[in-house]
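Structural overview
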Amino acid sequence: MKLTFITRSVRRRITWVFGLFVALSMVTVASTVGFRLHSTITTNLTHELEGRARQDAQLLLQRIEYLLESAQILVRNPFVINGLNDSQGRETYLPDLIKNFREGRDVYAVALLGYDGKAVYSSLETLPTYDDSGALRSTLANGVVSYQIDRTLGHWVVFVPVTYYNTTQGVLVVVYDLGAVARRVLPPDPLLGHRLSLDAKLLFENEASNASDLLIARQALTAQHRGVLDGGLGLQLEVSAPRQYFLAPAFSAVADVAFLGLLLTLVAIAIAYRIGFTISRPIVLLRQRVAAADGSPERHCAPLGTHDELEELAEMFDQRTHELRDIQIHLEDLVARRTQELEVAKEAAEEASRFKSSFLANMSHEIRTPMNAIVGLTHLIRRAAVDPRQIDQLDKVSQAAKHLLGIINDILDFSKIEAGKLTIENVDFELDRVFHSLNDLIGERAAEKNLEIINRIDPAIPEVLHGDQLRLGQVLVNFASNAVKFTEAGSVVFRVRLLNEEAGTLLVRFEVSDTGIGLSEEQRSHLFEAFVQADASTTRKFGGTGLGLAISKRLIDLMGGRVGVESNVGQGSTFWFELPLQRAASAKTSGASVKLDENLKVLVVDDNADARLALDDMLRAFPVRVATADSGEQALRLTREALQAGRPFDLVLMDWAMPGMDGIETCRHILALGTAPKIILATAYSSEWTCEQLNAMGIATQLSKPLTPSTLHDAIAGIFSGNGSMRADTSAVIDLSPLRGRYILLVEDNPVNQEVALALLEETGLRVDLADDGLEALRKASNTAYDLILMDVQMPKMDGLEATRRLRQLPQCASTPILAMTANAFDEDRRACLDAGMNDHVAKPVDPDSLFMALIHWMPRRTTVVEGSPSGTAGRDQEEELLRQLGLVEGLDLDFGLARVRGKFSTYTRLLTIFAATHQDEAERITAALDCADMDEAQRAAHSLKGSAGSLGLLHIQKIAAAIEAPLKARADNALALARLPLAELARELPALMSRLHQLLGS
């Protein structure tokens, strides 16, 4: 709050500042005086109390010594000595003697004990027994005075030996009341309080008149000279006094000083007010004239009539005002001219931006068109390849093409961001699907480097969120790609957690952590700048354009988030960003419709701590009861303990690759214990076991890491509901049957793109008609009913947009799905296609799976079966019979083989035929090479057989070939002999397999 009442008046400001200064000065003086008085009085009072405590403690000690001496004198009385043996006499004279002794000595009781420790006389009817007293035994044995403290009653018990002719005949016991002794020595004082205590036992208390805010001094009762009391009694004396009583004069003095300060402050304010009036009057006048001055000769500030510095200030102000008026007029003329020039420059910049956008669009189209040929033709050649070396080379071509496409997309995205044309589109999306897609894109590259990918998703985050799913995935893929690229060993962890939620907005933090090379402080400071790379040297090991992180930062800024990195050289990196996301309008649930039993006991076995924690978090969110183990040995121990406790585990989630005892061996030991839990094998590596092998090992199903909550939930629910698959993680194969026999029109002007598209489409069983441009497409669609139209955009004579508009005017094409298949990949290109009447947009270079899924999605439902098509009844029955016969071939995993060719049965049978023809005599070739001791040739042949068999699901042959290759590759001393052992099995198994394949395939 601004104190305008003070700050807007010079006079009031002077008055209050001077008055506050005086007031603060007086407060400081009063506080200082009060503090010093308080400190001095407190210190002096403390010293006095300590002296008084020492004095009173000495008085108590002297009294106690006197009482001890009195007991020693009493024991020398002949009546006491005779009382031990004269029973009649001790009843007559001892009571009087004891009565006289007790007067003025605060004696509680007196007793005479015989040598056996039994009381022969006592002043009390019931005397406490001291049979187990060490002090009593010491007195009887050594003839010395001893004592003890009765902590319960607060008594001091003195044992004095009764000696006769230097022989101890008995003991005189004198019991003193310590509280009474204190009352006698420490008389009441209204200002002082006394407390005598024995450990925590209060024996005596005399409170001061005011018991609040006491100062206390403590003094232990300790003898000043050596003697019987040298060891001390353990008594402590407290002396207290009320501080406020002694501080009252000081408080009165402080109050007087404060009152005097108040008077002086009021006087100072009055004086300051008068001085302020004198000073402020010319200033107020100057303010009024300055407010009215506008630089014109008619309105000026001087003269003021003060003839001092204020007069000079007014004259200088008038001069500067005249100069500023002239400058203002000049600037107004300049601004008018510059505004006109800026309008011209703005129009030129907008024109340049339009040229730049047009150039980028054309460049994108020109690059993507040949890229489509590269990607498409590579795919077509790859599907027919059998030789592993050729397959590997084609995969590398495909990867290089995708890498180049990624660079092109980065450049286009950066250009759109720089031009401010990139927009954020918020939709409802499932976070689980984002991570599924991320894992699919990154998993293969991570597996090549044996890196483990781990998902850690906070269960507190809703399943469905509202935000830009596309841009979120783009940033995650960029961070994850960098993590895999810069990490040679270890793992990459994807984390997402909810930071807070406020008014329906969730602040979510995403992290990508790796165990890679890390970053220096200098690298971190420039990391998110465009065209900056962590390794920019000419000898750099890692590639990249340096745009990915810059684009990611711009995207996160556009989505209202923030981004950062935590890293040290050689210790890995954690890239993170925080985004505000919304809850979805419709809270639908994903795969968790089947609820799991809350009493389900699950054991998680994984040597990786992050993977173990991730699985533990997912399982507890379902919820189930979870235990974890970091090795096979610990898993066995926990299983035994659970079995012995009568609460065995229902499910074991087992990692495969663990040091020491791996997952397979651990499963065997667990099942050998007599328990039968369901076992899920989870591995970060590719699937190595067939359904039969898993079943033989007692494993219910197999999952490939990284896992997401929905994948894990569905697998567990499937197992316990009886619907679980033996290979729950087999890659999804697109069912192309809805496309077989359907009739579509392909509109494409480029001959190479025509060849690629026709090969891809006819492979699915589609019947394809071809048009070279929009005019031909319009003519053909007018005369033929097509199920769907694939339309290029940039074509001669008539482009795809105009062709689509005219097609929509035809009654027979009003509802026909039209999909753009074009190299124009900008968002505005997509919107233009949709505005023209197209249903969807497929960007070139075409990804076959994306194209097939779009076709299946938009293809109208089939009403009749096309006669003579591959989907006819006879053809379908023949295909199903061959499929069944192949499934019966021993050593052939049909599911695995079909998955490798995306479920295309015709392609699979063709590759089997090529395999049978190529590797018919492979056993003889390897035998001949071993006979000639040509290990290189034998290894190449075994390697080729292993790769070809493995790609087609001939896993038994693959295993034998791998056994032949292993000793040859390792160059063992007895490599030839070791290779011949599995070779003999190959010579038996391979001909039988080939004969069966020839019989079924007719080759």
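Worth saying up front: this structure is predicted, and the values here are computed from it rather than measured.

**As for helix 17 (residues 663-672)**
Side chains that are three or four residues apart share a direction in an α-helix, a result of its 3.6 residues per turn. Burial in helix 17 covers these residues: Gly 663, Ile 664, Thr 666, Cys 667 and Ile 670. One face of helix 17 carries all of its buried residues, which in axial projection span an arc of 160°. Contact partners of the buried residues in helix 17: helix 16 (632-644), strand 19 (651-655) and strand 20 (678-683). By the N-cap criterion, in which a side-chain oxygen at the helix start approaches the backbone nitrogen of a residue two or three places on, helix 17 is capped by Asp 662, the distance to Ile 664 being 3.2 Å. Residue Gly 674 follows helix 17 closely and has a positive phi angle near 100°.

**Observations regarding the sheet that holds strand 21 (residues 701-704)**
Strand order in the open sheet formed by 5 strands is 18-17-19-20-21, and the pairing between neighbours is parallel. Every interior strand has two partners, whereas the edge strands, strand 18 (625-629) and strand 21, have only one. Across the sheet, the mean angle separating the axes of adjacent strands is 20° when strand polarity is ignored. Bridge count between strand 20 and strand 21: 4 bridges; the pairing is parallel.

**Some details on the sheet that holds strand 5 (residues 167-177)**
Judged by pairing direction, the sheet is antiparallel, and its 5 strands sit side by side in the order 2-1-5-4-3 without closing on themselves. Each having just a single partner strand, strand 2 (119-122) and strand 3 (146-150) make up the two edges of the open sheet. Across the sheet, the axes of successive neighbouring strands diverge by a mean angle of 20°, strand direction being ignored. Pairing geometry for strand 1 (residues 107-114) and strand 2, over 3 bridges, is antiparallel. Bridging from a neighbouring strand, Leu 112 pairs with Tyr 121 of strand 2.

**Points about unusual backbone geometry**
Phi is positive for Ala 503, close to 55°, though the residue is something other than glycine. Summarising the element assignment, Ala 503 is placed in the loop between strand 13 (491-502) and strand 14 (505-514). By relative accessible area, which is 81% here, Ala 503 ends up exposed. Positive phi outside glycine occurs at Lys 797, with the angle close to 70°. For Lys 797, the location among the structural elements is in the loop between strand 24 (788-791) and helix 22 (800-809).

**Examining empty space enclosed by the protein**
A water-sized probe, rolled over the atoms, reveals where empty space remains. Applying the stated criterion to the full structure yields 3 cavities of 30 Å³ or more. Its boundaries defined by the atoms lining it, the largest cavity holds a volume of some 80 Å³. If you go around the largest cavity, the residues you meet are Glu 452, Ile 453, Ile 454, Asn 455, Ala 611, Ala 614, Leu 615, Met 618, Lys 705, Pro 706 and Leu 707. Of all the elements in the fold, those that place two or more residues in the lining of the largest cavity are strand 11 (452-457) and helix 15 (609-620). Grouping the constituent residues of the lining of the largest cavity by class yields 8 nonpolar, 1 polar and 2 charged. Split by domain, the lining of the largest cavity shows at least three residues from each of two domains, domain 3 (425-583) and domain 4 (601-721).

**Concerning the UniProt feature "modified residue: Phosphohistidine" (unreviewed entry) in the protein**
When the UniProt feature table is mapped onto this chain, "modified residue: Phosphohistidine" (unreviewed entry) is found at His 943. One can find His 943 in helix 29 (residues 935-951). When its relative accessible area of 40% is taken as the criterion, His 943 is described as partly exposed.

**Observations concerning the side chain of Thr 487**
By secondary structure assignment, the location of Thr 487 is in the loop between helix 12 (469-485) and strand 13. On the accessibility criterion, Thr 487 (0% relative accessible area) is buried. A distance of 2.5 Å separates a polar atom in the side chain of Thr 487 from the backbone oxygen of Ala 483.

**Notes on the packing of aromatic side chains**
As enumerated under the stated definition, the model contains 7 aromatic pairs in all. Taking 5.8 Å as the distance between ring centres and 70° as the angle between the ring planes, the aromatic pair formed by Phe 479 and Phe 577 counts as edge-to-face. Here Phe 479, found in helix 12, pairs with Phe 577, found in strand 16 (residues 573-583); they are 98 residues apart in sequence, far enough to count as distant. Each member of the aromatic cluster is reached from another via a ring pair, and the members are Phe 479, Phe 510, Phe 575 and Phe 577. We note Arg 509 situated over the ring of Trp 576; from NZ or CZ to the ring centre the distance is 4.3 Å.

**Concerning the pattern of salt bridges**
By the definition in use, this model includes 35 salt bridges. Salt bridges here are not isolated pairs; linked through shared partners, they connect Arg 495, Arg 497, Arg 509, Glu 511, Arg 562, Glu 566, Glu 578 and Asp 610.

**Let's talk about the environment of Gly 561**
Positionally, Gly 561 belongs in the loop between helix 14 (548-558) and strand 15 (562-567). Taking the C-alpha atoms as reference points, Gly 561 and Leu 507, separated by 54 residues in sequence, lie 8.9 Å from one another. In this structure Gly 561 touches Ile 556, Glu 578, Leu 579 and Pro 580, once residues within four positions along its chain are discounted.

**Things to note about a nonpolar patch on the surface**
On the surface, a cluster of nonpolar side chains totalling about 400 Å² of accessible area is made up of Phe 259, Leu 262, Leu 263 and Leu 266. Tracing the chain through its elements places Phe 259 in helix 8 (residues 243-292).

**Regarding the pairing of strand 9 (residues 235-242)**
With 7 of its 8 residues buried, strand 9 lies for the most part within the structure. Bridging between strand 6 (residues 193-198) and strand 9 involves 6 bridges; their strand directions are antiparallel. Across the sheet, the residue bridging to His 194 is Val 239, located in strand 9. Pairing geometry for strand 8 (residues 214-220) and strand 9, over 7 bridges, is antiparallel. The residue of strand 9 that forms the bridge with Ile 216 is Ser 240.

Here is what the cut-offs are and how they apply
- Each chain carries its own residue numbering, running from 1 in the direction its sequence is written.
- Given that the model is predicted, a residue must reach a pLDDT of at least 70 before its local features are reported, and side-chain atom pairs must reach 80 or more before they are shown or counted; all residues, however, enter totals for whole chains, interfaces and linings.
- Working from all heavy atoms in the structure, the side-chain values ignore hydrogens and water.
- Relative accessibility under 20% of the residue-type maximum defines a buried residue, over 50% an exposed one, and the middle range a partly exposed one, all with a 1.4 Å probe and only protein chains included.
- Strands are runs of DSSP state E lasting at least two residues, helices are runs of H or I lasting at least four, and both sets are numbered from the N terminus onward.
- The arc in question is the one traced by the directions running from the helix axis out to the C-beta atoms.
- Any two residues having at least one pair of non-hydrogen atoms within 4.5 Å are treated as being in contact.
- Two N or O atoms form a polar contact when they lie within 3.5 Å of each other; inside protein one atom must be a possible hydrogen donor and the other a possible acceptor, and for residues adjacent in sequence the pair counts only when both atoms belong to side chains.
- Two strands are counted as paired when DSSP detects at least two bridges linking them.
- Fitted lines through C-alpha atoms give the axes, limited to the stretch in contact for helices. The angle between two N-to-C directions lies from 0 to 180 degrees.
- With a 1 Å grid spanning the protein atoms alone, the term cavity applies to any set of points in which a 1.4 Å probe fits but cannot get out, the term pocket to an open set with protein on both sides within 12 Å along at least five of seven lines, and the term lining residue to any residue with an atom within 4 Å of a point.
- Grid points are joined across faces, edges and corners, and a volume is the space filled by probe spheres set on the points.
- Asp, Glu, Lys and Arg are counted as charged, while Ala, Val, Leu, Ile, Met, Phe, Trp, Tyr, Cys and Pro are counted as nonpolar; the rest, among them Gly, fall into the polar class.
- These domain boundaries are the output of an automatic or database domain assignment.
- UniProt positions are given in the numbering used here, feature names are shortened, and annotations may be inferred rather than shown by experiment.
- Pairing of aromatic rings covers Phe, Tyr and Trp, the last counted by its six-membered ring, and requires centre-to-centre distances within 6.5 Å; plane angles under 30 degrees mean stacked, over 60 mean edge-to-face, and any other angle means tilted.
- Counting as a charge over the ring demands two things of the Lys NZ or Arg CZ atom: a distance within 6 Å of the ring centre and an angle within 35 degrees of the ring normal.
- Salt bridge criterion: a side-chain nitrogen from Lys or Arg within 4 Å of a carboxyl oxygen from Asp or Glu.
- Patch rule: a residue counts if its relative accessible area is over 30% and it has no salt bridge; like charges are joined within 9 Å, and nonpolar side chains (Val, Leu, Ile, Met, Phe, Trp, Tyr) within 5 Å.
- Accessible surface is estimated by sampling points in the Shrake-Rupley manner with a 1.4 Å probe; for residues, cover comes only from the protein chains shown.

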